[in-house]
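Inside the fold
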Amino acid sequence: MLAVVRDIRERKRLEYKLKHTNRLYATLSQISQTVVRETEKQKLFQKICDIVVDYGELRFAWIGLVDEKRRFVQPVAFSGAGSDYLKNTKISRTGDKTEKDPAGRSIRTGKSVVFNDLENNPDLVAWRKQAIEKGYRSSGSFPIREAGRVIGSLNVYAVEPHFFGKAEIQLLGEGAGDISFALEKIAQEAERKQAEEKLIQSEESYHGLFNYATGAIYIQDKAGRFLDVNEGAVKMYGYPKDFFIGKRPEPLAAPGKNDLKKVAEYLQKAFEGKAQQFEFWGLRSNGEVFPKIVRLQRGKYFGKDVVIAFALDITERKQSEEALRESEEKYRLIVENAHDGIEISQDDRFMYANSRLAEMLGYTVAEFKNVSFSQLFTEQAVRELYERKKKRESGIPQPHYYESTFYKKDGTVIDVDVKYKIIDYKGKPATFAIIRDITERRQLEWDVDKLRELDRIKRTLLSTVSHELRTPLANIRGYASMLNDYQHKLNGSKKREFVLAILQDSERLANFINELLNFSRLEAGLVKLEMRPCSIVQLLKRVVAAARIRSPTHQIVLRVATRLPRVDIDVTRIEELLDNLIDNAVKYS
């Protein structure tokens, strides 16, 4: 038998290599088609894994994305034998014991990472047992990018060792690149849809705002013609929308109420980019004239330069302003013609003072601008004012009225009654006060008090006079009756005693009557003083000597300097005064 033996190992190797390469090209072709058709990320990832396993005849494939919060690679799709492999594998984006894992290293470096001999590779000690059990003998990880940034990796596992040659690495790298391209396309599509949605929403918002704005909105070209108006303009004027289009503002203007030339100038300035605002009097379809405030600003309308006019009907505001002016005038007349002074002060300065307050204090209203509020108070009143302010600021309630004293411009002092309230004036606390001149009232009160005191003195005097008259009269009557009834029984000594007592009480009555007369003349202003030079020492000696005679049972002592100057006095009045003082002292001691 003749046999020819030929070594075909090289041919077999080449046939396997060709078949292997064709599988990879088929895989890449299917990936490319899927990338073009698929628009959802998750479906794209899953289909890619299925294609790699089905067309590439690889043992296992999975795609992992970086979870930025937890800093780990999170599997999002897989296919083939080995889903439980992922459950037992934790791949870190940052390193530690997983730093030599192909998926983690590919993501960190942004390059393809291949291990062609998993069974004998010392770098994979931690996962070697699991890989051998699953039938994995070689693996490759290929980075996936989005917007130029690595976000994950495509990871494949083969049953043959040394599966990944230069061509395989290039083809699978291109497949990962196709995934990156697909992600870019999906992102762009999402952005496009988002932009379309925003545009639709923007247009809807524009039309919503345009038509449902509370005021009127007009779109005008450079000539002032209306290109569009909103529902607010229709309601404001009462015309249908078509009435406005193509017209200028003139048909909408109240006759004789607007300077239309000036309005045209406003429009031109707005086109130049200078915002304008002015009042415009409009004419409604029913003939009613009304005011509105108009704001102009440059804008775009379907790519065309326009002026956008915003208008608000200010009829109610005008009516309120007019009512406010009338009210202010009414209250101004009341305040200016008030009987009391009215003022508003802030930071110790007068913000307002009516003419009555100026008249009361002797100033003009203009002069009050240079007068501080505290300047009007007397020294004691200033202390009381700041004491009240201090208590009020510390939270102690204070009455909203007080009486005080003010200086007038000429320096005289008047009594005032102040009623005040703390108000807000131009954004700051201020004092509103009503001030009344009570000087005459205070004088009347003083006069009344004086009359009451005089009345009390008179009642006391009458009581004293009654007592002082009755006592000596009763004594005189008693002694006289005894002398008359018992003159034969009384001896001479007793009669002289009774006569002396009658004389003393008579003198007492005479002195008391003289005092009453002097008091009456003094009160009536009829007392005339007779002034003449007198020695004080001699006067006192004479008065004391007379008192010792009148009161022999009392010891009256005089202590006086031996040399005193002579003075001009009414000697009689002074002697009477001293006699009364000594007699009262004797009487009540």
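Fair warning: this is a prediction, and the values are worked out from it, not measured in the lab. (Residues numbered from 1 in each chain as written. Predicted model: local features only at pLDDT ≥ 70, side-chain atom pairs only at ≥ 80, totals over all residues. Heavy atoms only, no water.)

1. Some thoughts on the pattern of salt bridges
The full count for this structure, using the stated rule, is 25 salt bridges. In this structure, the salt-bridge partner of Glu279 is Lys318, at a minimum N-O distance of 2.9 Å. Of this pair, Glu279 sits in strand β8 (residues 276-283) while Lys318 sits in helix α10 (residues 315-336), and the two are 39 residues apart along the sequence. A relative accessible area of 36% means that Glu279 is categorised as partly exposed. Across the pair Arg317 and Glu321 runs a salt bridge, and its minimum N-O distance is 3.4 Å. Of this pair, Arg317 and Glu321 both sit in helix α10, four residues apart, which is roughly one turn of the helix. (Salt bridge = Lys/Arg side-chain N within 4 Å of Asp/Glu carboxyl O. Helix = DSSP H or I, 4+ residues; strand = E, 2+ residues; numbered from the N terminus. Buried < 20%, exposed > 50% of the residue type's maximum accessible area, 1.4 Å probe, protein only.)

2. Quick look at the packing of aromatic side chains
Aromatic ring pairs are reported here in terms of the distance separating the ring centres and the angle at which the planes meet. If you walk through the whole model with that rule in mind, you get 15 aromatic pairs. Ring geometry for Tyr218 and Phe226: centres 5.3 Å apart, planes at 40°, overall tilted. We classify Tyr218 as buried; its relative accessible area is 3%. Residue classification places Phe226 among the buried positions, given a relative accessible area of 4%. Centroid distance Tyr301 to Phe302: 4.8 Å. Interplanar angle 80°. Geometry classified as edge-to-face. Residue Tyr301 is classed as buried on the basis of its relative accessible area, which comes to 17%. Chaining the aromatic ring pairs together yields one cluster made of Tyr218, Phe226, Tyr237, Tyr239, Phe243, Phe244 and Phe290. It is Lys247 that lies over the ring of Phe243; its NZ or CZ is 4.4 Å from the centre. Looking at Lys257, its charged tip hangs above the ring of Trp281, at a distance of 4.1 Å from the centre. (Phe/Tyr/Trp six-rings, centres within 6.5 Å; stacked < 30°, edge-to-face > 60°. Lys NZ or Arg CZ within 6 Å of the ring centre and 35° of its normal.)

3. A look at helix α15 (residues 536-550)
When the terminal C-alpha atoms of α15 are compared, their 21 Å separation across 15 residues agrees well with the 21 Å that a helix rising 1.5 Å per residue should span. At its buried positions, α15 is contacted by β16 (532-534), β17 (567-569) and α16 (571-587). (Expected span 1.5 Å × (residues − 1). Contact = heavy atoms within 4.5 Å.)

4. Structural notes on the nonpolar core
With 30 residues, the main nonpolar core has Ile48, Ile63, Val156 and Ile179 as its most contacted residues. Put simply, the parts of the chain that give this core at least two residues each are α1 (9-37), α2 (41-54), β1 (60-67), β4 (138-146), β5 (149-158) and α6 (166-212). The residues contacting Ile63, other than those within four sequence positions of it, are Phe45, Ile48, Cys49, Gln74, Pro75, Val76, Ala77, Ile144, Ser153, Leu154, Asn155 and Ile179. Residues Tyr218, Val263, Phe290 and Ala311 belong to the second largest nonpolar core, which totals 25 residues. (Core = buried A, V, L, I, M, F, W, Y, C linked by side-chain atoms within 4.5 Å.)

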